[in-house]
Amino acid sequence: VQLQASGGGLVQAGGSLRLSCAASGRTFSDYFMGWFRQAPGKEREFVAGISWSGGLTNYADSVKGRFTISRDKVKSTVYLQMMSLKPEDTAVYYCGARMQRAPEYDYWGQGTQVTVSS
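Structural notes, computed from the coordinates. (Residues numbered from 1 in each chain as written. Predicted model: local features only at pLDDT ≥ 70, side-chain atom pairs only at ≥ 80, totals over all residues. Heavy atoms only, no water.)

### What about the overall build of the protein?
Along its length, the protein carries zero helices and 11 strands. Going residue by residue from the N terminus, the α and β elements of the protein occur as β-β-β-β-β-β-β-β-β-β-β. For the protein, whose C-alpha radius of gyration is 13 Å, the value lies close to the compact-globule estimate of 13 Å for 118 residues. Taking the principal axes of the C-alpha coordinates as reference, the protein spans close to 40 × 25 × 25 Å. Residue pairs in contact within the protein that sit at least 24 positions apart in sequence constitute 53% of those at least 6 positions apart. When the accessible surface of the protein is summed, it comes to about 6200 Å², and 48% of that surface belongs to carbon and sulfur atoms. Each charge sign in the protein was given a centre, from 13 positive and 9 negative side chains, and these centres are 6 Å apart. (Helix = DSSP H or I, 4+ residues; strand = E, 2+ residues; numbered from the N terminus. Rg over C-alpha atoms; globule rule 2.2 N^0.38 Å. Contact = heavy atoms within 4.5 Å. Areas by Shrake-Rupley, 256 points an atom, 1.4 Å probe, with all protein chains shown as cover. Lys, Arg positive; Asp, Glu negative; His and termini not counted. Charge placed at Lys NZ, Arg CZ, Asp CG, Glu CD.)

Right under this line is the structure:
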């Protein structure tokens, strides 16, 4: 299984970015896909998640109303549309995958850097 994250970059506060996570190596119909982030000196934190089959979503309070997670079954890709970015959103963003009822994520992508300048 491979998760390939991309789309990070440098953006000014208030700007937007869209991250992509291309998933391959198995079918993900019974998986839950998530985006996490890790800022320097901080622990990795959950950002948003989506069930591959039904599209149910959930978000961290810090990004609700600004970020939108979605998935394209045909392209086997999960997206994170980030709007109204803030300097505190600066982090390395990772995508992950877990079985829907599993407590832990089984697979991780390599991470993509997002830097928001003030």
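That covers the picture; the talk isn't over yet.
### Describing the pattern of salt bridges
In this structure the tally under the stated criterion is five salt bridges. Measuring nitrogen to oxygen at the nearest pair gives 3.5 Å for the salt bridge that ties Asp 30 to Arg 26. We classify Asp 30 as partly exposed; its relative accessible area is 31%. By relative accessible area, which is 34% here, Arg 26 ends up partly exposed. Here Asp 89 makes a salt bridge to Arg 37, at a shortest N to O gap of 2.9 Å. Pair noted here: Asp 89 is in the loop between strand S8 (77-82) and strand S9 (91-99) and Arg 37 is in strand S4 (residues 31-38), with a separation of 52 residues, a long-range link. Among the charged side chains, a network of salt bridges with common partners joins Arg 37, Glu 45, Arg 66 and Asp 89. (Salt bridge = Lys/Arg side-chain N within 4 Å of Asp/Glu carboxyl O. Buried < 20%, exposed > 50% of the residue type's maximum accessible area, 1.4 Å probe, protein only.)

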